Amino acid sequence: MNELEQKIQELEQISNALEPNEKERNLFFDQTKKFAHDFINSLTTKKAYNQAAIDPSSFTIGDKNIGMAEIILTYENEVANKGINAASGSHLGYIPGGGIFSASLADVMVGVSNEYAGMHFASPGGVAMEHELIRWMSSIFGYPEKSIGNLTSGGSIANLIALTSARDKHKIKGSKIEKSVIYLSEQTHHCIQKALRIIGLEDIIIRYVKIDPRSKIIISDLTKLIIEDILLGLLPFLVVGSAGTTDTGAIDPLEEMAKICQTHNLWFHVDAAYGGFFMLLDKQKRAFKGIELSDSLVVDPHKGLFLPYGIGAVLIKDKEAVFHSHHQTANYMQDALKEASPINPADVSPELTKHFRGMRMWLPLQLHGVEPFKACLEEKIYLLQYMRSKLDKLGFSLGPEPDLSVSYFWFETKATDRDEFNKKLLEFIHEDGRSFLSSTKIKEQFVIRIAILSFRTKLKAADQALKMIERCLRKTKLFFKKI
Ligand SMILES: Cc1ncc(COP(=O)(O)O)c(C=O)c1O
C-alpha cells in the first residue's frame, strides 16, 4: 500500500462514521421514534406558547460529538418546548402550522434517498410526481392543464416567482418602472411588497385600493384608480387579489377584479396562500369564483393541507413569462438538457438544487385520500363559528362574519382605553400560554385574532381556548379595577 492509499484508508476509518450500520440506524430510529411519540402524546397537555428563555449555549458546535439521546434532549428542551408550539392544536395565532405525521415520514424517505428533483434528467420520477401535484392543484383552481407551477419553500417565494413573471410579461424595466402601477389592498400580505423590492420594483407606484367593512377590495375604487392612472399617462400593469387575507380571512371579489384586468390588459395575481385549499369544499367554491381567470396564483400546502413548514406552491398560466427569468442553461448542464424533457422545476424557480418537497405532499394525499383533508378544512370553518358564538356570549365584540377560518374580537370597555384593555388581555393570554392567539390592527384599533387552521384544533382545543380567554378576561378586568 503506498502512502496515498494509506492516507485514504486512515481517513475512511474516520469518515465511515457518516454511514451508520443497520444496528446503529435502528437505535437512531428507535430514539427518534420515542421522541415523536412522546411529543405527539403530550401535545394536548402542553402549553401552546412558552415564553421561557432559551439557552443559546446549548447549541454550541464543539470539537466533541454528542450522543443521539443528548441531541434529542436539547431539541426537546430548547427548541420544541419553547416559543410557539406550531404543532399544537391550541395554536390559534398568525396562520397556524400543520405537521401531519405521514408527511414527516416522506421527509425521512426523501432525505435517505436524496432525490435530485430540480431536473427531469436526474429524477424523472420525482419531477413527474411534482408535475402531478401541480396538475392536481391546477384542476382545483380551474387552471388549464398546460399551466406550469412550482413547489416552493412557502408562500413568500411562490409570490416572488409569480410577480417576477408578471414583471417580465409586461417588460417592466428601466424607465418604465417609475411609471408602472400595482394595485393591492392594505390587507395584502407583506411578502408582496418584499418581493417587489427584491425583484427591482422598489420604485414602482403602489395604489392601495379601498376596502369595505369585510376587508374586501372595493371594485368601484379599483376601477377609478386604474382609469385615473391611465389618464395621467401612467402604466397600470398588475392587480393583486387575496383569497383569504391573513388578518381576517377575507376573499376579494375575484371575478370582478379579473374582468377589470382583462379590460385593461393587466396581470391578475391571486395570493391564496392561506385560503386556497378551502376551494376543495363545494360549499366554498362560490366565494372563490373568478380565481380561474387569474394569471397566477399562490397556495400553501404547509397551511391549508396541514403539511410541515417548507412547502408552498405557485401556478402560472404563461410559460414564456416564467421562463424569461427562471430558465437558464450552462455548459455543465449539457447532459441534463439534451433531451426534450418535461418542464424542469429548476426552470420555474430561482432554485436549482432543492428539497424534494413533492413527496411530503404526495404521500399523505395517497395514504389518507383527499376526504380527511376536506373534512378537516370544513371542521375549521365550523370551529370558528362555534368560538365566535361563545365569545359573543362572553361579552366580546366580534369582527364581521368571516369567509373562512380567521376572525377577530375585542372587549368594549368604559373602564379604560379600548386598545389598552385588549393589549393587556392579550398579554395575559400570552403569559398563560395554554392556547396561543395573536393580534392585529383593524382601522387602527387593536384587536385579537383567532386563526383556526391546525389539523389538531378540535372542539376540545376550542373549549380550552375559550376557558383561557375567560380566565384572562377576569384577570384583565381586575387589573384595570385596581389601577
Ligand atoms: C396570505 C398569505 N400570503 C403569503 C404568506 C407568506 O407565506 P410563507 O410564510 O409561507 O412564506 C402568508 C403567510 O402567512 C399569508 O397568509
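Residues numbered from 1 in each chain as written. Predicted model: local features only at pLDDT ≥ 70, side-chain atom pairs only at ≥ 80, totals over all residues. Heavy atoms only, no water.

Re the overall build of the protein chain
Across its full length, the protein chain carries 16 helices and 13 strands. At 25 Å, the protein chain has a C-alpha radius of gyration in line with the 23 Å of a compact globule built from 483 residues. Projected onto the principal axes, the alpha-carbon positions of the protein chain cover approximately 85 × 60 × 40 Å. Among the 483 residues that make up the protein chain, the fraction classed as buried is 51%. Of the contacts formed within the protein chain by residues at least 6 apart in sequence, a portion of 75% connects residues at least 24 apart. Summing over all exposed atoms, the protein chain offers an accessible surface of approximately 23,900 Å²; the carbon and sulfur share of this is 55%. Side chains of the protein chain give 59 positive and 59 negative charges; the mean places of these two sets differ by 7 Å. (Helix = DSSP H or I, 4+ residues; strand = E, 2+ residues; numbered from the N terminus. Rg over C-alpha atoms; globule rule 2.2 N^0.38 Å. Buried < 20%, exposed > 50% of the residue type's maximum accessible area, 1.4 Å probe, protein only. Contact = heavy atoms within 4.5 Å. Areas by Shrake-Rupley, 256 points an atom, 1.4 Å probe, with all protein chains shown as cover. Lys, Arg positive; Asp, Glu negative; His and termini not counted. Charge placed at Lys NZ, Arg CZ, Asp CG, Glu CD.)

Here we look at the packing of aromatic side chains
Applying the stated rule across the entire model yields 15 aromatic pairs. Between Phe396 and Phe411 the ring centres are 5.4 Å apart and the planes differ by 75°, which places this aromatic pair in the edge-to-face class. Here Phe396 is found in the loop between α14 (371–393) and β10 (397–398), whereas its partner Phe411 is found in the loop between β11 (406–410) and α15 (418–432), with 15 residues between them in sequence. Residues Phe396 and Phe411 agree in their burial class; the two are buried. Relative to Trp410, the ring of Tyr408 has its centre 6.1 Å away and its plane inclined at 20°; by these criteria the two rings are stacked. One exposure class covers both Tyr408 and Trp410, and it is buried. The rings of Phe396, Phe409, Phe411, Phe421, Phe428, Phe479 and Phe480 are connected pair by pair, giving a single aromatic cluster. Above the plane of the ring of Tyr143 lies Lys317, whose end atom (NZ or CZ) is 4.7 Å from the centre. The ring of Phe428 carries the charged tip of Lys424 above its face, separated from the ring centre by 5.3 Å. (Phe/Tyr/Trp six-rings, centres within 6.5 Å; stacked < 30°, edge-to-face > 60°. Lys NZ or Arg CZ within 6 Å of the ring centre and 35° of its normal.)

What about the pairing of strand β13 (residues 445–451)?
β13 sits mainly inside the fold: 6 of its 7 residues count as buried. Direction of pairing for β11 relative to β13: antiparallel, over a ladder of 4 bridges. Within the sheet, the bridge partner assigned to Phe409 lies in β13 and is Ile448. As paired strands, strand β12 (residues 438–442) and β13 are joined by 5 bridges and run antiparallel to one another. Along β13, the bridge assignment pairs Lys441 with Phe446. As consecutive antiparallel partners, β12 and β13 are separated by 2 residues, and within that stretch Lys443 has a phi angle of approximately 45°, a positive value. (Pairing = 2+ DSSP bridges.)

Quick look at the domain arrangement of the protein chain
Under the domain assignment used here, the protein chain contains domain 1 (108–368) and domain 2 (371–482). Just the C-alpha atoms count here: the centres of domain 1 and domain 2 sit 31 Å apart. Tallying the contact residues gives 27 residues for domain 1 and 22 residues for domain 2. For the pair domain 1 and domain 2, the summed buried area comes to about 2,200 Å², and 65% of that belongs to carbon and sulfur atoms. Across the salt bridge formed by Glu378 and Lys283, the nearest N and O atoms sit 2.9 Å from each other. Taken together, the links from domain 1 to domain 2 amount to 10 residue pairs in polar contact (both at pLDDT 80 or more). Those elements giving two or more residues to the side of domain 1 that touches domain 2 turn out to be α10 (301–304) and α13 (358–368). By residue number, the principal contributor to the side of domain 1 that touches domain 2 is α13, which donates 3 residues. For the side of domain 1 that touches domain 2, the per-class residue count stands at 13 nonpolar, 9 polar and 5 charged. (Domains from an automatic or database assignment. Buried area = accessible area lost by both parts, 1.4 Å probe. Salt bridge = Lys/Arg side-chain N within 4 Å of Asp/Glu carboxyl O. Polar contact = N/O pair within 3.5 Å; in protein donor to acceptor, adjacent residues only side chain to side chain. Nonpolar A, V, L, I, M, F, W, Y, C, P; charged D, E, K, R; others polar.)

A short note on the environment of Asn77
Its place among the elements puts Asn77 in helix α3 (residues 68–80). A C-alpha to C-alpha distance of 26 Å links Asn77 and Ala462, two positions 385 residues apart in sequence.

Some words on the site of the ligand
For the ligand, the set of nearby residues contains 14 residues, the closest of which are Gly155, Ser156, Thr246, Asp271 and His302. In the environment of the ligand, an oxygen atom lies 2.8 Å from a nitrogen or oxygen atom belonging to the backbone of Gly155. One of the side-chain N or O atoms of Asp271 is found 2.6 Å from a nitrogen atom in the ligand. Here the ligand, which alone exposes 390 Å², has 83% of that area covered by the protein. (Near = heavy atom within 4 Å.)

Focus: the pattern of salt bridges
Throughout the structure, instances matching the rule amount to 25 salt bridges. One salt bridge in this structure joins Lys224 and Glu228, with 3.6 Å as the shortest N-O distance. Residue Lys224 and its partner Glu228 are both found in helix α8 (residues 219–231); the two are separated by 4 residues, about one turn of the helix. Lys224 gets classed as partly exposed once you look at its relative accessible area, which sits at 43%. Look at Glu228 and you get partly exposed, because its relative accessible area is 37%.

Brief notes about the packing of helix α4 (residues 101–113) against α13
Remark: α4 packs on α13, axes separated minimally by 8 Å, with the N-to-C direction vectors making an angle of 130°. Considering their axes alone, α4 and α13 lie oblique with respect to each other. Seen from above, α4 lies across α13 with right-handed handedness. In contact with Ser102, Ala103, Ala106, Asp107, Met109 and Val110 of α4, α13 contributes Met359, Arg360, Leu363, Pro364, Leu367 and His368. Of the residues contributing to the contact of α4 with α13, the split by class is 8 nonpolar, 2 polar and 2 charged. (Axes fitted to C-alpha atoms, helices over the stretch in contact; angles between N-to-C directions. Parallel < 35°, antiparallel > 145°, perpendicular 65-115°, else oblique. Left-handed = near helix turned anticlockwise from the far one by under 90°.)

Considering a nonpolar patch on the surface
A cluster of nonpolar side chains, Ile40, Phe101, Leu105 and Met109, forms an exposed patch at the surface whose accessible area comes to about 340 Å². Looking at the nonpolar patch element by element, the count peaks at 3 residues for α4. (Patch = residues over 30% accessible without salt bridge, like charges linked within 9 Å, V, L, I, M, F, W, Y side chains within 5 Å.)

A short note on the pairing of strand β5 (residues 205–209)
Examined bridge by bridge, strand β4 (residues 180–185) and β5 share 5 bridges and lie parallel to one another. In the sheet register, Ile182 faces β5, and the bridge partner there is Ile206. In the classification by handedness, the crossover that spans β4, the intervening helix α7 (residues 191–198) and the parallel β5 is right-handed. (Right-handed = clockwise from strand over helix to strand, strands pointing away.)

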